[in-house]
Amino acid sequence: MPPMSIMTLKIEFLKGVGTAKADLLAKELNIRSVEDLLNHFPFRYIDKTKFQKISELTGDEDYVQIKGQVVQLQTLGAGRSKRLVAQFTDSSGQIELIWFQGIKWIEDSLQLRTEYIVFGRLTEFNRKFSIAHPEMELMVGHPAVSFLAPVYPSTDKLNKKGLDTKSQRRIFRQLTEKLLPADLPEILPLYIVEKLKLLSRFQAYQFIHFPPDSAHLHAAQKRLKFEELLCMQLKILQYKNRKQSLIKGYIFEKVGDLFNGFYSKYLPFELTNAQKKVIREIRKDMGSGKQMNRLLQGDVGSGKTIVALLSMLIALDNGFQACLMAPTEILAQQHFQSIEEFIKPLNIGIGYLSGSVKGKTRNQVLTALKDGSIKIIIGTHALLEDWVEFQKIGLAIIDEQHRFGVKQRAALWSKSTVPPHILVMTATPIPRTLAMTLYGDLDVSVIDELPPGRKEIKTLHFNENKRLRLLGFIREEINKGRQIYIVYPLIEESEKLDLLDLENGYQALLREFPMPEYHISVVHGKMKPEDKEYEMSRFIKKQTQIMVATTVIEVGVNVPNASVMIIEHAERFGLSQLHQLRGRVGRGADQSYCILMTSFKLSKDSRERIKTMCETNNGFVIAEADLRLRGPGDIEGTRQSGLFGLNIADLAKDAAILTTAREIALRILDSDPEMNEPQHTAIKRHIDHRYRNLQDWSSIS
Ligand code: ADP
Ligand code: MG
C-alpha cells in the first residue's frame, strides 16, 4: 500500500492542533482540511533585518517596524475610554503602544524589558507618535540570519486560544516539512510552466509559507497568482463560449442604404479613429451569427451617441428595429432629440416612450412599434414593460449600464425568439483588470480619444479662504453668458445635515446673486420628481444661470453652455463620482472649469483623490487610481468579483499577470475548448473543484 498522503489527514491530527483548535480554525477561518490550511497564506512577512529607528520616524510612514522593549505599562482612563498604554523604546527614542481592547490578556502576556519586534500603523497625536493595537513578536527564537518570517491572518479568539501567528507558524513548519512533491502535483500544463519560468506547484507552496529570501517569495507569489487568475479566466471564458454557442444571433450581413447614405451625406463631422474602430467591431459582431454582447466604454463626450446611431442604422438596413434606452427621462429625451435631429433627412420612423407618455400618444407609439412603422424607439425602462411589443427588434442599446441590472437586460430577450444584439454603453470606465473579470463574458470596446478641438477642463483645488474669489469667478462667467453647476454631497447617514448645508449654500447664493438679474435652480433627491424635472428643464433652457444640486445631475445631462462645475466638500466624493460630475461641463466650445472646494485638513486618501483630479482628465487613469485607492471590493458593481474568492491575486496590482493569464486561457480554449486533452485534465479537475460552490453565476454578466 502506498503511504497515505498528508493531504488526506484530518487537521486535528497535526501536531499542535488537536480537536479544540481544529474546531476554532473551522469556525474562525473556515479552515477544514490540509488543503485549506495550505491556502491560508501569510499576509505579511517580517524581515528581521529591517527596522526603523524611533528617532528617525517622520510621521509620513503608514506602517512601521521597530525593535525594542516595553519599559512601562499603565492602564489609563475608565469605562469606555479605558486603555492600556505601553512606553516602548529602542536605543534612539520612545513611542507609545496603545490597546483599547483585550487589555487584560495583553497585560498578562506582555513581558517588560524584553526585546520585541513591533509592527503597526503609526499615528501622530499632539506631536507624539503611537501605534494602536500593534502586532508584537518576541525577538528570541528568531534566527538572526536574513529570512522572512510569515505572519498569518488571525483573530482575537485565535490569539487567546493559543493560535497566534507564532503557533500558526509552528503548525505550518511541520506541515511543510512533511509535504512531498507528490502531495501537490503540478496542475498547469508543462509547456506553460516552462514558458513562463514558473516554480512548480510544490515549490510555490513551500516558499509562500517559508521563503528563504525575497526572490523566492516573489517567485512563489507569481506562480500562485498566475494559477489563480488562469483558473478564473478559464472558468469565465468557458462560460462565455458555451453561452455563445448555445445562443444564436441575427445575422446582419448588409451594410445598406441607410448606413451608407447617412455616413456619406449627413454625418456632421469626421469620426475619430476610435469611433471608426468601435463601429468595425460592432459590425463584425452583428454579422457573425452569434448574439452580440458588447460593452462600449468611452469617457464623457467621447461620442458614443453617434456610434449608437450608426449601429442602429445597420439593424434597420437588415430589416430590423432598434431601441435605445436611458436610465432617466431627461437623458432619454436628450437622446431622442439629438438622434431625431441627426436622421431627419433619412425619413425614418422614430418614436419615444417613457412612463410619462400617456393616453392616445402612448397607444399610437405602441401600435406603430408593433406594426413596424416605428423603426427606432428611444426611451426609458418603460420599453421593458410586458405590453411593449416589437415587430422585429434586432438591436438593443443601453446607455449608462450601471443603472440597468442583469434582470432588465434579460427582459429584452423575452421580446423576441432570437435575442436582439446588445450594446451596453458606459461613461464610467472600468479598469481593464475588472472588465476582464466582471464583464469577462462581454466583449469590450473602448473609445479612448475625444473629438478634436475639445478644450481640456481646467481643474482647480480651492479652500474656504478662496470663497470670495470663487464668487467673483462665478459672476464673471455668468456675465460671459455661461452657466454654473454647484454640487453638494448627500449621503443617507448625514442626510439632514447635508440638506441643511445645501440649503444654506443656496440661501447664501441667493443673497450674492439676487433676482431679477440672476436665477438659480435647485435640485435634490428629496424633491418630487416633477419639481426636479421642472428645475432641471429651466436650467437646460437657460432660464437659470446657476444650478445648485446634489448628485442627481451626475449621469448624462447635457447642457453645453454650462462651463463651470463647483463641487462642495469634494473630499467626501469618490474619484469616479468626481470624474462623472466634472464630465457635465466641457461639452461646449468654451473653456470649462471644475473647482473642487475642500476643508483645510484632508486625509491622505482625500488628498490623493483631489490631486489625481487636478492632474488628469483621463477616465481610465482615474479608474485605475480609484481601484488602487479603494481596492476592487469597494467599487460600485464589483462586489461580484468576490465570487471568485481571490486568495492571493489582487486585481488592483496584478494587471500584468492577469493579462498573461487571460491570453493563455484564450489560447488553451481555442485549441481545446472542453479541456479534454491529457495536458489539460489536471487543471480542469482543479477548476471544477475550486469553483464547486459557484452558483450565482448569472450575476456576473
Ligand atoms: P458621450 O460619449 O458622452 O455620449 P456624445 O455622443 O454626447 O458623447 O458626444 C458629445 C458631443 O460630441 C456631441 O455634441 C457630438 O455631436 C459630438 N461629437 C461626437 N463625435 C464627434 C466627432 N467625431 N467629431 C466632432 N464632434 C463629435
Ligand atoms: Mg451619452
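Residues numbered from 1 in each chain as written. Chains lettered and ligands numbered in written order. Predicted model: local features only at pLDDT ≥ 70, side-chain atom pairs only at ≥ 80, totals over all residues. Heavy atoms only, no water.

With that settled, the discussion passes to the overall build of the protein. Within the protein, the regular secondary structure consists of 23 helices and 21 strands. Overall size of the protein, expressed as C-alpha extent along the three principal axes, is 85 × 70 × 40 Å. A total of 701 residues make up the protein; the buried ones form 52% of that total. Partitioning the contacts of the protein with sequence separation of at least 6, the portion at a separation of at least 24 is 73%. When the accessible area of the protein is evaluated, it comes to approximately 33,900 Å², of which 52% is carbon and sulfur surface. When the 95 positive and 83 negative side-chain charges of the protein are each reduced to one mean point, those points stand 1 Å apart. (Helix = DSSP H or I, 4+ residues; strand = E, 2+ residues; numbered from the N terminus. Buried < 20%, exposed > 50% of the residue type's maximum accessible area, 1.4 Å probe, protein only. Contact = heavy atoms within 4.5 Å. Areas by Shrake-Rupley, 256 points an atom, 1.4 Å probe, with all protein chains shown as cover. Lys, Arg positive; Asp, Glu negative; His and termini not counted. Charge placed at Lys NZ, Arg CZ, Asp CG, Glu CD.)

Before going further, it helps to examine the packing of aromatic side chains. In the structure shown here, the tally under the stated rule is eleven aromatic pairs. Ring centres of Phe473 and Tyr593 lie 5.0 Å apart, and the angle between their planes is 85 degrees; this geometry places the pair in the edge-to-face category. Separated by 120 residues along the polypeptide, Phe473 in helix H16 (residues 467-479) and Tyr593 in strand S21 (residues 593-598) bring together distant segments of the chain. Here the aromatic cluster, defined as three or more aromatic residues joined through ring pairs, consists of Tyr250, Phe252 and Phe320. (Phe/Tyr/Trp six-rings, centres within 6.5 Å; stacked < 30°, edge-to-face > 60°.)

This part is about the site of ligand 1. Around ligand 1, 15 residues are found, and the nearest of them are Glu270, Gln275, Gly301, Lys304 and Thr305. Note that an oxygen atom of ligand 1 is positioned 3.1 Å from one of the backbone N or O atoms of Gly303. Residue Thr305 places a side-chain N or O atom 2.6 Å away from an oxygen atom belonging to ligand 1. Look at ligand 1: alone it shows 560 Å² of surface, and the protein chains cover 76% of it. Residues of the shell around ligand 1, tallied by class, amount to four nonpolar, six polar and five charged. (Near = heavy atom within 4 Å. Polar contact = N/O pair within 3.5 Å; in protein donor to acceptor, adjacent residues only side chain to side chain. Nonpolar A, V, L, I, M, F, W, Y, C, P; charged D, E, K, R; others polar.)

Spatial ordering of the open sheet is given by S11-S12-S10-S13-S14-S9-S15, a layout of seven strands whose pairing is parallel. The open sheet has two edge strands with one neighbour each: strand S11 (350-353) and strand S15 (443-447). In this sheet, neighbouring strand axes are inclined to one another by 20 degrees on average, regardless of whether the strands run parallel or antiparallel. Where strand S10 (residues 321-325) lies against strand S12 (residues 376-379), four bridges are found, and the strand directions are parallel. The residue bridging Leu324 from the neighbouring strand is Ile378, located in S12. Where helix H11 (residues 304-317) meets the sheet, its contacts fall on strand S9 (293-298), S10, S12, strand S13 (393-399), strand S14 (421-426) and S15, and the angle it forms with S10 comes to roughly 155 degrees. In this fold helix H12 (residues 329-343) packs onto S10, S11, S12 and S13, with an angle of close to 175 degrees to the strand it touches most, S11. (Pairing = 2+ DSSP bridges. Axes fitted to C-alpha atoms, helices over the stretch in contact; angles between N-to-C directions.)

Along its sequence, the protein is organised into domain 1 (49-142), domain 2 (257-286 + 303-426) and domain 3 (458-616). Each of domain 1 and domain 2 was reduced to a C-alpha centroid, and the two centroids are 63 Å apart. (Domains from an automatic or database assignment.)

Of the residues in the protein, 92% have a pLDDT of 70 or more, and the chain-wide mean is 87. Here residues 635-641 is modelled with pLDDT under 50, and outside its nearest four sequence neighbours on either side it reaches 18 contacts, counting other chains as well. Every residue in residues 696-701 is under pLDDT 50, and counting partners more than four places away or in other chains gives 20 contacts. (pLDDT = per-residue confidence, 0-100.)

For the rest of this paragraph, the subject is the nonpolar core. Grouped together as the largest cluster of nonpolar side chains are 60 residues, with contacts concentrated most on Phe262, Ile306, Leu309, Met312, Leu313 and Ile377. In terms of residue count, H11 provides more of this core than any other element does, ten residues in total. (Core = buried A, V, L, I, M, F, W, Y, C linked by side-chain atoms within 4.5 Å.)

What follows concerns unusual backbone geometry. Note that the residue after Met515, namely Pro516, is joined by a cis bond; omega there is 0 degrees. One can find Pro516 in the loop between helix H17 (495-512) and strand S18 (520-523). Unusually for a residue other than glycine, Arg113 sits at a positive phi of about 50 degrees. Secondary-structure assignment places Arg113 in the loop between helix H3 (103-109) and strand S5 (116-125). Of note in the backbone geometry, His569 takes a positive phi value of approximately 50 degrees without being a glycine. Counting through the fold element by element, His569 comes out in the loop between strand S20 (562-567) and helix H19 (575-582). Since its relative accessible area comes to 26%, His569 is described here as partly exposed.

Relative orientation and spacing of two packed helices are given, respectively, by the angle between their axes and the distance between those axes. For the pair helix H8 (residues 214-246) and helix H23 (residues 678-690), the least separation of the axes is 10 Å and the interaxial angle reads 80 degrees. Taken together, the axes of H8 and H23 are roughly perpendicular relative to one another. Only Ile683, His686, Ile687 and Arg690 of H23 make contact with H8, whose side of the interface consists of Glu227, Glu228, Leu230, Cys231, Leu234 and Lys235. Looking at side-chain class alone, the contact of H8 with H23 contains five nonpolar, one polar and four charged residues. (Parallel < 35°, antiparallel > 145°, perpendicular 65-115°, else oblique.)

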